[in-house]
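Structural overview for review
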Amino acid sequence: MTDILSSLTNLPAPQFIEVGDGVAVATYTWGDPDAPVVVLVHGFASSTADTWLHTGWVRMLEREGYRILGIDQRGHGASQKPHDSAGYAVVNLARDIEAVLDTHLVDEALYVGYSLGARVGWQVLQDLGERIPRGVLGGVPDGIPLDRLDVDQVCRYADEGIPVTDPVTQSYIQLAERVPGNDLYALLALAEGMRASRSIDPDPAHAPQQPVLFATGSEDAVIEGSRRLAAAAPQASFFTIPGRHHFNAPGSKDFRLAALEFLRAE
């Protein structure tokens, strides 16, 4: 039984792709190379394995006949973790996805992103247009990215070990420390890079035109923001993930099945 469970959650060796500014991004593939592609993009302080493999998404999608392309976003997982905040603007993270698709010779892909991956997905859906005919954006808030994170407290914690007192920031620290290999300084650079413009992102005035499923946990503080974004997208639907908050929603079977039904409707 242990061997069977291990095979179901086995992470293959990453294939590294050098994106536009020289950062090496780790990618993983499962399934028939000729099958329709689903690209999976994880959230802040997470990874392909943490968000998608260990929660059953990869197993479900492979069983349903898809080719899965998982991406560790820059600063995460096995990808390089630069400490320069300039590289972490949302537009750069979206270009990383495009570079991965180009290198893997993927002309068209369905997109599934959670949290940070959903923020990036909002941009990818717009930038790549018909190349991404359908997307699932889970746990995506409106407003300024990572605006609730107290960067000063994180800096003091990383530099001097001074305890974090802000509850939201504590949650992010706990998330970062839960995943082996996370680099707190790289995640700080990401937060600073995404917040640098101090502008609303995602911007409801520039919504994806493709069919999009928005899905957010019923106990998630960002749910109303997610609803506002869904209302701005002309072909959007909304799914409330029952009994889940922001950090455990990816493990919901209800979320997986709702996403699968939506992807099949293509």
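Now for a look at the structure at hand. Here the structure is a predicted model, which is why all the values come from computation and not from measurement. Counting starts from 1 at the beginning of each chain's written sequence and moves along it residue by residue. Confidence filtering applies because this is a predicted model: local features only for residues at pLDDT of at least 70, side-chain atom pairs given and counted only at 80 or more, and all residues used for totals across whole chains, interfaces and linings. Side-chain metrics rest on all non-hydrogen atoms present in the structure, leaving aside hydrogens and water.

Things to note about the side chain of Gln73
Note the threshold: Here a helix means four or more residues in a row that DSSP labels H or I, a strand means two or more in a row labelled E, and each is numbered from the N terminus. In this analysis, two residues are considered to be in contact whenever any of their non-hydrogen atoms come within 4.5 Å of each other.
Position of Gln73 relative to the elements: it lies in the loop between strand E4 (67-71) and helix H4 (90-103). When neighbours within four sequence positions are excluded, Gln73 is seen to be in contact with Val41, His42, Ser79, Leu93, Leu116, Gly117 and Val120.

Considerations on the sheet that holds strand E5 (residues 109-114)
What counts is decided by this rule: By the convention used here, strands pair only if DSSP detects at least 2 bridges between them. Helix axes are fitted only over the stretch in contact, all axes being lines through C-alpha atoms; the angle between N-to-C directions runs from 0 to 180 degrees.
Strand order across the open sheet formed by 8 strands is E1-E2-E4-E3-E5-E6-E7-E8, with mixed pairing between neighbours. Edge positions in the sheet fall to strand E1 (15-18) and strand E8 (236-241), since each has one partner strand and no second. Mean inter-strand twist for the sheet, computed between neighbouring axes without regard to direction, equals 20°. Sheet analysis places strand E6 (residues 135-138) next to strand E7 (residues 212-217), joined by 4 bridges and oriented parallel. Across the sheet, residue Gly138 finds its bridge partner in E7, namely Ala215.

Describing the environment of Arg63
Relative to the assigned elements, Arg63 resides in helix H3 (residues 57-63). Here the alpha-carbon distance between Arg63 and Arg131, two residues 68 residues apart in the chain, equals 24 Å.

Section: the pairing of E6
For the record, the criterion: Remark: exposure states derive from per-residue accessible area (1.4 Å probe, protein chains only) relative to the maximum for the residue type, with buried under 20%, exposed over 50%, and partly exposed in between.
Taking every second residue as pointing to the same face, both faces of E6 are buried, with Gly135 and Leu137 on one and Val136 and Gly138 on the other. Sheet analysis places E5 next to E6, joined by 4 bridges and oriented parallel. Bridge assignment links Val112 to a residue of E6, and that residue is Val136.

Quick notes on empty space enclosed by the protein
Using the following cut-off: Points on a 1 Å grid, built from protein atoms alone, make a cavity when a 1.4 Å probe fits but cannot get out and make a pocket when they are open with protein on both sides within 12 Å along at least 5 of 7 lines; residues with an atom within 4 Å of a point are the lining residues. Grid points are joined across faces, edges and corners, and a volume is the space filled by probe spheres set on the points. Throughout this entry, Asp, Glu, Lys and Arg are counted as charged residues, while Ala, Val, Leu, Ile, Met, Phe, Trp, Tyr, Cys and Pro are counted as nonpolar. The remaining residues, Gly among them, count as polar.
Tallying each qualifying case throughout the model produces 1 cavity of 30 Å³ or more. By volume, the largest cavity amounts to about 60 Å³. Lining of the largest cavity is provided by Phe44, Leu149, Val154, Tyr172, Ile173, Ala176, Leu184, Leu187, Leu188 and Ala191. Every element with two or more residues in the lining of the largest cavity is listed here: helix H7 (167-178) and helix H8 (184-195). If you tally residues by element for the lining of the largest cavity, the top one is H8, at 4 residues. Its residues assigned to classes, the lining of the largest cavity comprises 10 nonpolar, no polar and no charged.

A few points about the side chain of Thr48
Relative to the elements of secondary structure, Thr48 occurs in helix H2 (residues 48-53). Those residues within four positions of Thr48 in sequence are excluded, and the remaining contacts are Tyr28, Trp30, His42, Leu53, Gly70, Ile71 and Asp72.

Here we look at the nonpolar core
Note the threshold: The set of buried Ala, Val, Leu, Ile, Met, Phe, Trp, Tyr and Cys residues whose side-chain atoms join them within 4.5 Å is what this entry labels a nonpolar core.
Core analysis: the biggest nonpolar cluster contains 55 residues, and Phe44, Tyr111, Val120, Val124, Ile132, Leu137 and Phe214 have the highest contact counts within it. Ranked by the residues each element gives to this core, the list is headed by H8, at 8 residues. Apart from the residues within four sequence positions on either side, Ile132 is in contact with Leu101, Ala109, Tyr111, Val124, Leu125 and Gln210. Formed by 26 residues, the second largest nonpolar core is a distinct cluster that contains Ala26, Trp30, Met60 and Ala259.

Concerning helix H5 (residues 116-128)
Short version of the rule: One fewer than the residue count of a helix, multiplied by 1.5 Å, yields its expected span.
In this model, H5 (13 residues) spans 18 Å end to end at C-alpha, consistent with the 18 Å of a helix rising 1.5 Å per residue. With 11 of its 13 residues buried, H5 lies for the most part within the structure. Listed in full, the buried residues belonging to H5 are Leu116, Gly117, Ala118, Arg119, Val120, Gly121, Trp122, Gln123, Val124, Leu125 and Leu128. Positive phi appears at Gly129, one or two residues downstream of H5, with a value of about 55°.

Focus: H7
To keep it simple, the criterion reads: By definition, the arc is the one covered by directions from the helix axis to the C-beta atoms.
Taking 1.5 Å as the rise per residue, H7 with 12 residues should run 16 Å; its terminal C-alpha atoms sit 16 Å apart, in good agreement. If you check which residues of H7 are buried, you get Thr169, Tyr172, Ile173, Leu175 and Ala176. Down the axis of H7, the smallest arc covering the buried residues is 160°, so these residues share one side. Those residues of H7 that are exposed and aimed more than 90 degrees away from the buried face are Pro167, Gln174 and Glu177. Each element contacted by the buried residues of H7 is listed here: helix H6 (151-160) and H8.

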